[in-house]
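One letter stands for each residue in the lines below.
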Amino acid sequence: MTAERPTYVTHLECSARGERYPADTLHQLSRAGKPLLVRYDLARLARDWSRDDAEARPADLWRWRELLPVRRTGDIVSLGEIETPLIPIPRAGGARVLVKDEGRLPTGSFKARGLVMAVSMAKALGVTRIAMPTNGNAGAALAAYASRAGIETVILCPEDTPEANVREIALQGGRVWRVNGLIDECGAIVAEGTRQGRWFDLSTLKEPYRIEGKKTMGLELALQLGWRLPDAIFYPTGGGTGLIGMWKAFDELEALGWIGPERPKMFAVQAAGCAPIVKAFDEGADHAERWENAHTIAAGIRVPKALGDFLILDAVRKSGGRAIAVEDEATLQAVSDAAGQDGLLLCPEGGATLAAYRQALAEGWVGAGNECVLFNCATGLKYPMPSVTRALDRHQPIDFDAL
Ligand SMILES: *Cc1c(COP(=O)(O)O)cnc(C)c1O
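The name given to the protein in an unreviewed UniProt entry is Threonine synthase, with Sphingomonas horti as the source organism. UniProt, in the comment section headed Cofactor (unreviewed entry), describes the protein in these words: "pyridoxal 5'-phosphate".

Structure representation (structure tokens):
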């Protein structure tokens, strides 16, 4: 853990209208019902801090402390948020495909980045009870960090959430309930409890700090690539926190003078069975309508309605990227290829980014020589894998030719 360091937070800002809100008090959404963004005194930070200073620190999430909202070191609730590696997959993808393997973070997914920040801030601001809807991994990360911080949690998930997720939430101290509905319908129950004053609502983008944790993916990428950014990023998009966060990180790095104005093409990857952002992108709309009858094996991106839809669409368009929908079969094929050919076990959502990359390559949206980063957002070990039926009877003669 890092020493006490100055923080540079100046205020919070409505992501839609730009009006200011004070830092250091609890907030949910802005008065307009939109996500709040954390703003920093980047001019002062540029004078006080350098790329070399950041690089000289231990390679974890807290090396970015000056660009994060936690003021007091004692409020940080850490489980060891390491920097995740960039792993080439030369066989399963194109020539220069790198997987940022987020499955190595605490609780096995990149939700740890957002939740370590949100829970640390909730602790700093005196919260004692939190509720959240989840498709699985966010709930697991929340339960772990909140239990560690002594904060009670109520976590609602769709009834078909991956079994490993439901059980890890419970084991890590979360009061988890299966709900006969999708994540936004779980969110409606959480919102009602919030109105009744029962808890603080930690839903995606309904508080300002999960974005700040997720933006560290963008900060890390720039540092790992020698202070430049890749040609394209493929991000599995549910609520879009990570895509919005990385886009914000790039702006902050440019304001510090640490990178230039170039940006990667941002590809928002969704499943064909739940693709509200893709539909809005294709129609040129600013907001996405709710996707009815959402279904996909990639539970983490089964989000029918995203509060930050306009921020996702804006980043994707400004970057020159696209929103891409992939079929579940292509996702499963991609998982199988990456595991069997490159030895890297992806989660289904990570598989979706490889399937989308292949589609983008085939349709010419990226070139074979482009450096592309895919996000594998969770460890593949949490998800069902194809069964194996081969068995040997050691009491019978062994047919070695058949092994
Ligand atoms: C949450 C999650 C996503 C989507 O991330 P967002 O930033 O909310 O869009 C993708 N994959 C997995 C495995 C997840 O847990």
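Additional details are given in the paragraphs that follow.
Attention now moves to the overall build of the protein. If you tally the helices and strands in the protein, you get 13 helices and 13 strands. Against the compact-globule benchmark of 22 Å for 403 residues, the protein has a radius of gyration of 21 Å, which places it among compact chains. Along the longest, intermediate and shortest principal axes, the C-alpha atoms of the protein span 75 × 45 × 45 Å. The contacts in the protein between residues at least 6 apart in sequence include a share of 70% that link residues at least 24 apart. Of the roughly 16,300 Å² of accessible surface on the protein, 50% is carried by carbon and sulfur atoms. For the protein, the distance from the average site of its 47 positive side-chain charges to the average site of its 51 negative ones is 4 Å.

Here we come to the packing of helix α9 (residues 241-255) against helix α11 (residues 309-319). Put simply, α9 and α11 touch, their axes get as near as 9 Å, and they point 55° apart. With respect to α11, the axis of α9 lies oblique. Considering only the axes of α9 and α11, their crossing is left-handed. Between α9, through Leu243, Ile244 and Trp247, and α11, the contact on the second element is made entirely by Leu311, Ile312, Ala315, Val316, Lys318 and Ser319.

Further remarks concern the domain arrangement of the protein. You can read the domains of the protein as domain 1 (9-67), domain 2 (86-109 + 209-382) and domain 3 (111-201). Relative placement of domain 1 and domain 2: their C-alpha centres are 23 Å apart. Taken together, the 23 residues of domain 1 in the interface contact 19 residues of domain 2. Linking domain 1 to domain 2 there are zero salt bridges. At the junction of domain 1 with domain 2, the criterion picks out five residue pairs in polar contact (both at pLDDT 80 or more). Breaking the side of domain 1 that touches domain 2 down by element, the ones donating at least two residues are β3 (36-40), α1 (42-48) and α2 (51-56).

Relative to the helices and strands, Val190 resides in helix α6 (residues 183-195). Each C-alpha atom, one on Val190 and one on Cys14, is 22 Å from the other, the two residues being 176 residues apart in sequence. The contact partners of Val190, leaving out residues within four places of it in the chain, are Ala131, Met132, Pro133, Leu156, Trp199, Asp201 and Ser203.

Analysis parameters
- Think of each chain on its own: its residues are numbered from 1, step by step along the sequence as written.
- Owing to the predicted nature of the model, reporting of local features is limited to residues with pLDDT of at least 70; listing and counting of side-chain atom pairs is limited to 80 or more, with chain, interface and lining totals taken over all residues.
- The basis for every side-chain value is the complete set of non-hydrogen atoms in the structure, without hydrogens or water.
- UniProt positions are given in the numbering used here, feature names are shortened, and annotations may be inferred rather than shown by experiment.
- Secondary structure elements are taken from DSSP: a helix is a run of H or I of four residues or more, a strand is a run of E of two residues or more, and numbering for both begins at the N terminus.
- The globule rule is 2.2 Å times the number of residues to the power 0.38, and the radius of gyration it is compared with is taken over C-alpha atoms.
- Whether two residues touch is decided by their heavy atoms; if any such pair falls within 4.5 Å, the residues are in contact.
- Residue-level accessible areas treat just the shown protein chains as cover; the underlying method is Shrake-Rupley with a 1.4 Å probe.
- When charges are counted, Lys and Arg contribute as positive and Asp and Glu as negative, whereas His and the chain ends are disregarded.
- The atoms used to mark charge sites are NZ of Lys, CZ of Arg, CG of Asp and CD of Glu.
- Under this scheme, a helix contributes an axis fitted over its contacting stretch, all axes are lines through C-alpha atoms, and angles between N-to-C directions fall in the 0 to 180 degree range.
- An angle below 35 degrees is treated as roughly parallel, one above 145 as roughly antiparallel, one from 65 to 115 as roughly perpendicular, and anything else as oblique.
- In a left-handed crossing the near helix is turned counterclockwise from the far helix by less than a right angle, and in a right-handed crossing that turn is clockwise.
- Domains are outlined according to an automatic or database domain assignment.
- Any carboxyl oxygen of Asp or Glu that lies within 4 Å of a side-chain nitrogen of Lys or Arg is treated as forming a salt bridge with it.
- We define a polar contact as two N or O atoms separated by no more than 3.5 Å, with the added condition that, inside protein, one atom must be a possible hydrogen donor and the other a possible acceptor, whereas residues neighbouring each other in sequence contribute only through side-chain atom pairs.

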